[in-house]
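Survey of secondary and tertiary structure
Chain by chain, the residues:
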There are 4 protein chains.
Amino acid sequence: MLNGERKIERPLRWGMIGGGRTSNVGYKHRLGALRDNTAFRLVASAFDVDAERGRSFGENLGLEASRCYPDYKTLIAEEAKRKDGIEVVSIATPNGTHYEITKAALEAGLHVICEKPLFFEVEQGEEIVRLAERKGLIVGVTYGFSGHPLLLQMRQMVSNGDLGDIRMIELQYTHGFNADDTGDKHSEGQKWRVDPKIAGSSFVLGDLSTHTYYMSRLVCPNLRVEKLLCDRQSFVKSRAPLEDNAYVLMRYNSGAVGRMWASSVNAGCMNGHRIRIVGSRASVEFRDNQPNELVYEIQGQPVQTLIRAMPYLYDTCNADERLGALHAEGLPESWANIYLKFAVAIDAKRRGDPKTLDELVYPDLKAGVEGIRWVRNCVRSADAGAVWIDFQ
Amino acid sequence: MLNGERKIERPLRWGMIGGGRTSNVGYKHRLGALRDNTAFRLVASAFDVDAERGRSFGENLGLEASRCYPDYKTLIAEEAKRKDGIEVVSIATPNGTHYEITKAALEAGLHVICEKPLFFEVEQGEEIVRLAERKGLIVGVTYGFSGHPLLLQMRQMVSNGDLGDIRMIELQYTHGFNADDTGDKHSEGQKWRVDPKIAGSSFVLGDLSTHTYYMSRLVCPNLRVEKLLCDRQSFVKSRAPLEDNAYVLMRYNSGAVGRMWASSVNAGCMNGHRIRIVGSRASVEFRDNQPNELVYEIQGQPVQTLIRAMPYLYDTCNADERLGALHAEGLPESWANIYLKFAVAIDAKRRGDPKTLDELVYPDLKAGVEGIRWVRNCVRSADAGAVWIDFQ
Amino acid sequence: MLNGERKIERPLRWGMIGGGRTSNVGYKHRLGALRDNTAFRLVASAFDVDAERGRSFGENLGLEASRCYPDYKTLIAEEAKRKDGIEVVSIATPNGTHYEITKAALEAGLHVICEKPLFFEVEQGEEIVRLAERKGLIVGVTYGFSGHPLLLQMRQMVSNGDLGDIRMIELQYTHGFNADDTGDKHSEGQKWRVDPKIAGSSFVLGDLSTHTYYMSRLVCPNLRVEKLLCDRQSFVKSRAPLEDNAYVLMRYNSGAVGRMWASSVNAGCMNGHRIRIVGSRASVEFRDNQPNELVYEIQGQPVQTLIRAMPYLYDTCNADERLGALHAEGLPESWANIYLKFAVAIDAKRRGDPKTLDELVYPDLKAGVEGIRWVRNCVRSADAGAVWIDFQ
Amino acid sequence: MLNGERKIERPLRWGMIGGGRTSNVGYKHRLGALRDNTAFRLVASAFDVDAERGRSFGENLGLEASRCYPDYKTLIAEEAKRKDGIEVVSIATPNGTHYEITKAALEAGLHVICEKPLFFEVEQGEEIVRLAERKGLIVGVTYGFSGHPLLLQMRQMVSNGDLGDIRMIELQYTHGFNADDTGDKHSEGQKWRVDPKIAGSSFVLGDLSTHTYYMSRLVCPNLRVEKLLCDRQSFVKSRAPLEDNAYVLMRYNSGAVGRMWASSVNAGCMNGHRIRIVGSRASVEFRDNQPNELVYEIQGQPVQTLIRAMPYLYDTCNADERLGALHAEGLPESWANIYLKFAVAIDAKRRGDPKTLDELVYPDLKAGVEGIRWVRNCVRSADAGAVWIDFQ
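Right, let's walk through the structure included here. (Residues numbered from 1 in each chain as written. Chains lettered and ligands numbered in written order. Predicted model: local features only at pLDDT ≥ 70, side-chain atom pairs only at ≥ 80, totals over all residues. Heavy atoms only, no water.)

**A few points about the packing of aromatic side chains**
- Inspection of every chain in the model, using the stated rule, returns 48 aromatic pairs over all chains.
- With a centroid separation of 4.7 Å and an interplanar angle of 15°, the aromatic rings of Tyr143 of chain B and Tyr214 of chain B are classed as stacked. You can see Tyr143 of chain B sitting in the loop between β5 (139-141) and α6 (149-160) and its partner Tyr214 of chain B sitting in helix α10 (residues 204-219), a full 71 residues away along the chain.
- A connected cluster of aromatic rings, assembled from ring pairs, spans Trp14, Phe40, Tyr339, Phe342 and Tyr362 of chain A.
- Here the guanidinium or amino end of Arg251 of chain C rests over the ring plane of Trp388 of chain C, the centre of that ring lying 3.9 Å away. (Phe/Tyr/Trp six-rings, centres within 6.5 Å; stacked < 30°, edge-to-face > 60°. Helix = DSSP H or I, 4+ residues; strand = E, 2+ residues; numbered from the N terminus. Lys NZ or Arg CZ within 6 Å of the ring centre and 35° of its normal.)

Have a look at this one:
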């Protein structure tokens, strides 16, 4: 159980790029990073393309005006000059800019925490892997839903064999907020997502399904997709070639099979993010709109609802919970758990502690690159006419 | 609202083939047909391959011993000799026998009500279509879930455009009762389902998904599958080549797309039969374990739960309900609705009333043949390596 | 598991008084009684105060016109003259008439099945007890929800001590259909319920809570109310002195306590009929809008959902189910179970089989009288200013 | 929508008394207060009766060792000497100590945030009201569930008349964690709760129902209890005279009625904290285990589920939300909202801004005193034999 006590010697000096006043996700970064003031301390920022707005926003968060920079290059350059400059930076800018900013930050010796999908090209990812390795730096990826404690319960149920042999992975991340094109035209946060130049080769595959794909990797680390088939549609025509709906079929190395449904045109759906693992003996299912419960269905037995923080859960699950049973956690707790692990990873890296790094389960650079790979394979299959391809 | 008053001049004289003491589905036929004693009267039977057991069972249901026949051929032959012989017969025998019994019954001038999946071959279906037409007889198919009143609500919501343009059809019929092979070895009702000689070329596609496919046709009569792709697995190896799990992707004539998941190895799943229709404006979803509710989700508005029998539902929906709101209907009410329509169809046929026949929505011979066609196309795609094929 | 086979030698000849074309509950009687045609056969009726409508309705149900009588007195008199006259009669008339009709039927040697609340006065009930005893006749009461199989599961869980010592009984039967007075003015079925001359001294206490009180007696037969306190309101003023909302607190002989909430002004509530039993170790809860599920909560363990017809349930529960798991039962199955037990009771009485009568659990005359007593005590407490009284 | 930007000029210097390493609720205070680092800054503490443990804990949270005091008296005295001493202190100690600590803190010129139930005696509350007024200081009470944005939606629905006239208030806060006495014997956090010397005259009435009672006051500010009746039990005998279960009936000034059920022996219940408001036209219900949803039931219309952050909600509700729709908030967000309002209140008080103070809706001293009054009246009724009393 977490209670805010420090897990590392002192908080890391932290900066943010993007994620300013109008950003929805930016606040989630801060809610996660600053939860207990023992993991990160926000000291610098380049919040906004509108430099003035970025500065005013930073000041309202308690930053010194002089450390609210107009752009990421200045941020990196100026902080590098300070003795107490930032050690780690989070990137919450549109997808198309992740690669260059990550690269610049790493080259300046900063640890990086980056929004998903990490980059556009697998090759970019591989380059960054090499760069980070060479520099001895951590890159974390904010798969923000993956910090819910009950996902660790699922992970251990799978590894313990509670479910029997895994047969099916059922993945879904769907909502309906883009059922029409209002947002495409009027929402700052949505416009760039349907512009291939900024968003890359996909919309919902990159934006939504990378989250859920990572969650499946977290829960079933031994299953690897060997083949997949993707069919994607642009129901709002102006979004073509970017999809607003996609179906994926998967075949895993073990003989298991799976499906993914990613959609932002599942009209009215407010409960559409779930992961279900079906084994030969039992199934377990998680939905992110009620992250305090798992449904555990053993064939032939009563349906069970497992509830966060109860003593019957595995210790690895309860280690990450904060409130005790009866008290609902939400998404900010998930982000806080991920950010805490970023801090622990950075600290371990700095201290040269490979054992901690080895045992730590968090969305790392490898997971980020795998997300790029996932999207690339899906798009490749879809563009070839929704055919089966080898997962490369 | 139904209250049991007769819809036809007098009850039809009805016989049953199969569906005896050990049959689970046989009782559903009787619960449906005999609901009000104004549509059917059970007067003859060939309930069982064990003739003695069949006779004893028939007597316990109130049949005359002399009309409890040892097999279907005797039933048909002897009843034909009586002035008050049966007019219609229901067939609840293993799938492999449906074709020959249906043919014999039609040739003897009997209307037929047959279990799904109707036959193995589309060609058999087409032959029976011609035969039934020539004889002026009705063939009904017991897609037993399709009589729930709220499905008619969905149908009218779709046709009225309440959902906008239909974009996605999400279909699922899954349970976990065959997660292991215990039933294959020990259950009379299960054994033949995994024997290709008796069950045909499929297990769950025929056994489960034909129900759900028909429900989708009922709700969206104007959508036709143009292409599909099916991947099927035999997780319990001894079932091969018959599948215990199948995924299907569909593309419809209108540009809509869809999915089907059929499975009897979705371990522990007790709530796995659903149909969701996603439109450009709203979605609507039905689950058969709570047939008194629909979830209606209009994008941007509160999620609505529509409840059976409430005055805000369409008249075509409430016309088929029996109990008033607050009082739960179950599966027997669905079967009763279907059987009532079979009776009305038979009566209309007899009276030469094409208008009634034309307007009546029920699972007819055509729907049964389409079920065969569905399975054939799925199997054809799967056997070709899970590739896209034209729906033929 | 029930499958329609006869439980008694031959169906009983059955008549109905009330419950005609415009009656909602009348159909529930027929759905229950005629389920399998092996328990009852409907042969005579006095369906309606409008004799012509009653006759036409009866004919539409398949009755002979000559046995569709204009009123209950004629029904009783004429049927008594026939060799094949009715043996049992159901009474589904307004509450104020139950007593005189029951008395007349018993005096004519008929078994009686009567709607709840049975009569107005406990003294009437006691008189009828003596009369029925003297005549050797059965009186059953249609507490129609009490036939759901899962209530027998609860009963056995309680008696087996699965819950530990019983501490609390939480009862609720509420809906909102009378939130305004539209029904009072315009609905035939509602008007008399708020007229003290026809409905007696209570509205929702008699109409709703007697059902739920009986269910609590069924589930916890050893608990007896020793003291209660009732506060009742007439939110729609024109209903005074009859209540449209009532709260009751109870103290049981064992030290357990309980609550009842009866209301027809719980606006919008569509899921308001439930019974929860809290023990020292676990709780179990049933709601009638999903009669196929029980929630079973063992303190410190995952929440369990028990599902009808599953093999892990007690045999006494599954003995009364008809469809197998995955297939939803509704209210008509509950009524059918009760009516089947009425038939078995009548048959046992006729055969002089006290053992069967002794073991049979069904809503009998004693349960009906206890319902009257419940209402009387509630009204007495409420009228004294909502004070604690001894349950007499 | 909140995004962490400051609402007051600079963060308040904040201390904590109690709520140390083994305290469950202490972390909730910090999660609330420190959410954005723009409202409070934790600078001093007296966390623990074990001074050493308290100091080590404080240091792990980032406090200076010299400001981790051994007890509250030292904390107050030493901080008073500093120029940068604390301005406000939170009290999270056992109930019996709240009064003396609050008094001491106020006398030292500190604003106070105190756990519920505030004190034991209404007279103590009234004394503190006068003291706080004289000193010009704020006292807030951590009714921690009351900060969920959807409660403000309910409040405005009530005040706008969306529900019609309010008729019933249904309140419940129950769980089963004290179904046996294990916790009484072994849990530090539970022991004192069943010791009248430390916990006062009640267990669950003070510990649980004061939360829910405040929520009802928040949602329905114009309803006042005029009479109530309370029946309480000690199912675990060793707890007597403190109750582990209590039922309360209420009559409000407007003619509305209500119920409260408080229990820590509702075995297995994990979803037992709810507030339902029933009006003449509609009802609305909130449960704290899913604080992102309201059920809104308009009589005669489909049941609606309202979801946090959706644009169809009232502005006053969405003003307090942080994450956008689809992203679940939990209990920490509720605490953060309350603490933010404490900061705004303290700031307004300091600045002499009565308008802000007037408009601000938060659990203030008056609400705390009303909680004491609630418990006192409940106990008085219960101890008099569960009789109706005037609410004084």
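On we go.
**With respect to the relation of the copies chain B and chain A**
- The two copies are related by a screw motion: chain B maps onto chain A through a turn of 180° and a shift of 0.0 Å along the axis, at an RMSD of 0.0 Å. Put plainly, the chains are arranged around a two-fold axis. Among all residues of chain B, the minimum C-alpha distance to the rotation axis is found for Val387 of chain B, at 3.6 Å.
- With an isologous cut-off of 70% or more, the 100% of interface residues of chain B that recur at the interface of chain A puts this contact in the isologous class. (Least-squares fit on C-alpha atoms with pLDDT ≥ 70 in both. Contact = heavy atoms within 4.5 Å.)

**Focus on the interface of chain B and chain A**
- The interface of chain B with chain A comprises 44 residues on the first partner and 44 residues on the second.
- Here chain B and chain A share an interface that buries about 3,500 Å² over both sides, 54% of which is from carbon and sulfur atoms.
- Sorting the residues of chain B by area buried against chain A places Tyr247, Arg259 and Gln299 of chain B first, and these three jointly supply 21% of that buried surface.
- Where chain B packs against chain A, one counts four salt bridges.
- Among the salt bridges present, the one from Asp231 of chain B reaches Arg251 of chain A, with a minimum N-O distance of 2.9 Å.
- The tally of links between chain B and chain A comes to 14 residue pairs in polar contact (both at pLDDT 80 or more).
- Contributions of two or more residues to the side of chain B that touches chain A are made by β6 (166-174), β7 (225-233), β8 (245-252), β9 (257-263), β10 (273-279), β11 (282-287) and β12 (293-298) of chain B.
- In terms of residue count, the dominant contributor to the side of chain B that touches chain A is β9 of chain B (six residues).
- Across the side of chain B that touches chain A, the residue classes tally to 21 nonpolar, 14 polar and nine charged. (Buried area = accessible area lost by both parts, 1.4 Å probe. Salt bridge = Lys/Arg side-chain N within 4 Å of Asp/Glu carboxyl O. Polar contact = N/O pair within 3.5 Å; in protein donor to acceptor, adjacent residues only side chain to side chain. Nonpolar A, V, L, I, M, F, W, Y, C, P; charged D, E, K, R; others polar.)

**Section: the packing of helix α10 (residues 204-219) of chain D against helix α14 (residues 365-383) of chain D**
All names here are of chain D.
- Running from amino to carboxyl end, α10 crosses α14 at an angle of 120°, the nearest separation of the two axes being 9 Å. Classed by the angle they form, the pair α10 and α14 counts as oblique. The element α10 and its partner α14 pack so that their crossing is right-handed. Note on element contacts: α14 touches α10 through Ala367, Glu370, Gly371, Trp374, Val375, Cys378 and Val379, opposite Leu205, Gly206, Ser209, Thr210, Tyr213, Tyr214 and Arg217.
- Of the residues in the contact of α10 with α14, the class split is eight nonpolar, four polar and two charged. (Axes fitted to C-alpha atoms, helices over the stretch in contact; angles between N-to-C directions. Parallel < 35°, antiparallel > 145°, perpendicular 65-115°, else oblique. Left-handed = near helix turned anticlockwise from the far one by under 90°.)

**So, helix α2 (residues 51-60) of chain C**
All names here are of chain C.
- Looking at α2, one finds that the buried residues are Gly54, Phe57, Gly58 and Asn60. Seen from one end, α2 has its buried residues packed into an arc of 160°, which puts them on one side.
- On its buried face, α2 sits against α1 (24-33).
- Phi turns positive one or two residues past the end of α2, at Gly62, with a value near 100°. (Buried < 20%, exposed > 50% of the residue type's maximum accessible area, 1.4 Å probe, protein only. Arc of directions from axis to C-beta.)

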